[in-house]
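Summary of structural features
Letter by letter, the chains look like this.
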Amino acid sequence: MTTRVIDREVLLDKLYGYARNEISLPEIVDWAENVFVDDDIDVEGDIDLLMDVIFCLAGGDTRVFPLTRDALTGYVEKLGGKMPVIIQSD
């Protein structure tokens, strides 16, 4: 079995995907929850920071850690990224 590595880049890609509506809230919550239970996932880098963000994403569909635009922006900035400007027409 191949080990999947989660690092800042992977986590930022997930957050950007959510911001661009490419990943739904249930999908990102499910992904984050699976990080905690899958034996084939390895977190590399600043483990405390990454796990803190992943923990909050796992609860993103709750009142305690709602995945609001402000929360999403905060996670991206903590990881050293910048929130993309997204323009959508109606």
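In this text, all values refer to a predicted model and were calculated from it rather than measured experimentally.

**As for unusual backbone geometry**
Positive phi, close to 60 degrees, is recorded for Asn-21, a residue that is not glycine. Looking at the secondary structure, you find Asn-21 in the loop between helix 1 (8-19) and helix 2 (25-37). On the basis of relative accessibility, which here comes to 55%, the residue Asn-21 falls in the exposed class.

**Examining the packing of aromatic side chains**
Tallied over the entire structure, the rule returns two aromatic pairs. Ring centres 6.5 Å apart and planes at 85 degrees place the aromatic pair Phe-36 and Phe-55 in the edge-to-face group. On the criterion of sequence distance, the pair formed by Phe-36 in helix 2 and Phe-55 in helix 3 (residues 47-58) is long-range, its members being 19 residues apart. Using a relative accessible area of 45% as the deciding quantity, one classes Phe-55 as partly exposed. Here Phe-55 and Phe-65 contribute two aromatic rings whose centre-to-centre distance is 5.4 Å and whose plane-to-plane angle is 75 degrees, an arrangement assigned as edge-to-face. Linking Phe-55 in helix 3 with Phe-65 in the loop between helix 3 and helix 4 (69-78), this pair joins segments that are 10 residues apart in sequence.

**Some words on a nonpolar patch on the surface**
On the surface, a nonpolar cluster with roughly 300 Å² of combined accessible area is contributed by Phe-36, Val-37 and Phe-55. Relative to the helices and strands, Val-37 is located in helix 2. According to the relative accessible area criterion, Val-37 is exposed, its value standing at 55%.

**Comments concerning the nonpolar core**
In a soluble, globular protein the nonpolar side chains are often hidden away together inside. Ranked by internal contacts, the top residues of the largest apolar core, which has 29 residues, are Leu-11, Leu-15, Ile-28, Trp-31, Leu-57, Tyr-75 and Leu-79. Those elements that place two or more of their residues in this core are helix 1, helix 2, strand 2 (41-43), helix 3 and helix 4. Setting aside residues up to four positions removed in sequence, Leu-79 forms contacts with Arg-8, Leu-11, Leu-12, Leu-15, Leu-49, Leu-50 and Val-53.

**Side note on the environment of Asp-46**
Its place among the elements puts Asp-46 in the loop between strand 2 and helix 3. In this structure, the C-alpha to C-alpha distance between Asp-46 and Arg-8, residues 38 residues apart in sequence, is 8.2 Å.

**Observations regarding helix 1**
In an α-helix, one turn spans 3.6 residues, which is why side chains three or four residues apart end up on the same side. With 12 residues, helix 1 should reach 16 Å at 1.5 Å per residue; the first-to-last C-alpha distance of 16 Å fits that figure. What helix 1 keeps buried is the set Leu-11, Leu-12, Leu-15, Tyr-16, Gly-17, Tyr-18 and Ala-19. Where helix 1 is buried, its residues touch helix 2, helix 3 and helix 4. Immediately beyond the C-terminal end of helix 1, within one or two residues, lies Asn-21, with a positive phi of roughly 60 degrees.

Basis of the calculations
- Residues numbered from 1 in each chain as written.
- Predicted model: local features only at pLDDT ≥ 70, side-chain atom pairs only at ≥ 80, totals over all residues.
- Heavy atoms only, no water.
- Helix = DSSP H or I, 4+ residues; strand = E, 2+ residues; numbered from the N terminus.
- Buried < 20%, exposed > 50% of the residue type's maximum accessible area, 1.4 Å probe, protein only.
- Phe/Tyr/Trp six-rings, centres within 6.5 Å; stacked < 30°, edge-to-face > 60°.
- Patch = residues over 30% accessible without salt bridge, like charges linked within 9 Å, V, L, I, M, F, W, Y side chains within 5 Å.
- Areas by Shrake-Rupley, 256 points an atom, 1.4 Å probe, with all protein chains shown as cover.
- Salt bridge = Lys/Arg side-chain N within 4 Å of Asp/Glu carboxyl O.
- Core = buried A, V, L, I, M, F, W, Y, C linked by side-chain atoms within 4.5 Å.
- Contact = heavy atoms within 4.5 Å.
- Expected span 1.5 Å × (residues − 1).

Note that all results are geometric; they support no functional claim without further evidence.
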